[in-house]
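Read off the chains here:
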Amino acid sequence: MCEGDPARRDPGLRLSTYADREALARALAAHVAEAVRARLARDGAAALAVSGGRTPTRFFALLSEAPLEWGKVAVTLVDERWVPETSERSNAALARAHLLVGRAAAARFVPLYRGGPSPESDLADAEAAVAALSLPFAAVVLGMGDDGHTASFFPHGEGLAAAIDPGTQRLLAPVRAPAAGEPRITFTLPPLLAADAVFLHIEGAGKRRVLDAALEDGPETDMPVRAVLRHARRPPDVLWCP
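Residues numbered from 1 in each chain as written. Predicted model: local features only at pLDDT ≥ 70, side-chain atom pairs only at ≥ 80, totals over all residues. Heavy atoms only, no water.

The protein chain goes by 6-phosphogluconolactonase in an unreviewed UniProt entry, where it is assigned to Aquabacter spiritensis. Under the UniProt heading Catalytic activity (unreviewed entry), the entry covering the protein chain gives this text: "6-phospho-D-glucono-1,5-lactone + H2O = 6-phospho-D-gluconate + H(+)". (UniProt positions renumbered as here; feature names shortened; annotations may be inferred.)

In structure tokens, the structure reads:
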């Protein structure tokens, strides 16, 4: 592992490079567990927001065995496709299968999908559920797509401007975009960036090129991950492996 390898054109970015996916997953699990442990020691409760997709499954498995007081931890998702957990597209189903097992089975899970016909119909219910979490989050783990999206902040998506508005008071936002497939519900930018620790988990040479492009000048609507990089209170911790 090479710590602190600076991404080009942004010497303030905290980027750590790992030899392979296993090493990255172990480091990320250790960092997240440390952030959760610190919040538990301070407040007696903690909340964690994670991303879906296939990239984080090894990280989930390792974090699930971390020696934490999981009964005092709430886990939710950074974003979710508007599908039930019976769908193979469900991020909640992925988290239940790979993270909320072992020691972490004692954690409380707060899904974003609430069962209604659309994100808009259940937005108030979903916001009430997440507002009851121990916010701000102890840790937020984000991914990044090849198009520069993160969470459900899709380039030029319907609802994107409201979702990445640094001044919004909303916790959640509905988003639609052709690349998103189903309608989505996502945490807005402010509660994600308010976390004690924000991690961006990326793998592969292609994702490194996307990150470099995101660090260039350009509209946040073209590459919404720029909103995270530009508005974070401190540079997020980027963990990458080739």
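Now that the structure is up, let's keep going.
So, the overall build of the protein chain
What the protein chain contains, in helices and strands, is 8 helices and 10 strands. Here the C-alpha radius of gyration of the protein chain, 17 Å, is about what a compact globule of 242 residues would show, namely 18 Å. When the backbone C-alpha atoms are referred to their principal axes, the protein chain occupies close to 45 × 40 × 35 Å. Going through the 242 residues of the protein chain one by one, you find that 55% of them count as buried. Taking as baseline every contact in the protein chain between residues at least 6 positions apart, the subset at least 24 positions apart corresponds to 74%. (Helix = DSSP H or I, 4+ residues; strand = E, 2+ residues; numbered from the N terminus. Rg over C-alpha atoms; globule rule 2.2 N^0.38 Å. Buried < 20%, exposed > 50% of the residue type's maximum accessible area, 1.4 Å probe, protein only. Contact = heavy atoms within 4.5 Å.)

Some details on the packing of aromatic side chains
Overall, the coordinates contain 3 aromatic pairs when judged by the stated rule. Ring plane angle 65 degrees and centroid distance 4.8 Å describe the contact between W82 and Y113, whose orientation is recorded as edge-to-face. Taken as a pair, W82 in the loop between strand 4 (79–81) and helix 3 (91–98) and Y113 in the loop between strand 5 (108–110) and helix 4 (123–131) lie far apart in primary sequence, 31 residues in all. The class for W82 is buried, based on a relative accessible area of 8%. (Phe/Tyr/Trp six-rings, centres within 6.5 Å; stacked < 30°, edge-to-face > 60°.)

Quick look at the sheet that holds strand 4
The 3 strands are arranged 4-8-7 in an open sheet whose pairing can be described as antiparallel. A strand with exactly one partner marks an edge of an open sheet, and here the two such strands are strand 4 and strand 7 (172–175). Each strand axis lies, on average, 20 degrees off the axis of its neighbour in the sheet, ignoring direction. Taken together, the 4 bridges between strand 7 and strand 8 (residues 184–187) define a ladder with antiparallel strand orientation. When the sheet's bridge partners are listed, P174 is paired in strand 8 with I185. (Pairing = 2+ DSSP bridges. Axes fitted to C-alpha atoms, helices over the stretch in contact; angles between N-to-C directions.)

Considerations on the UniProt feature "domain: Glucosamine/galactosamine-6-phosphate isomerase" (unreviewed entry) in the protein chain
Feature annotation in UniProt places "domain: Glucosamine/galactosamine-6-phosphate isomerase" (unreviewed entry) on residues 20–231, given in this structure's numbering. As annotated, residues 20–231 has a helix share of 35% and a strand share of 17%, and its two end C-alpha atoms lie 29 Å apart.

A word on helix 7 (residues 205–214)
Where helix 7 is concerned, the buried positions are K207, R208, V210, L211, D212 and A214. Check the buried side of helix 7 and you find it contacts strand 1 (14–17), strand 9 (197–203), helix 8 (225–231) and strand 10 (237–241).

Points about the packing of helix 2 (residues 57–64) against helix 3
Look at helix 2 against helix 3: their axes get within 9 Å of each other, and the N-to-C directions meet at 45 degrees. Relative to helix 3, the element helix 2 is oriented oblique. Residue-level contacts link T57, F60, A61 and S64 of helix 2 to L94, A95 and H98 of helix 3. Partitioned by chemical class, the residues of the contact of helix 2 with helix 3 number 4 nonpolar, 3 polar and no charged. (Parallel < 35°, antiparallel > 145°, perpendicular 65-115°, else oblique. Nonpolar A, V, L, I, M, F, W, Y, C, P; charged D, E, K, R; others polar.)

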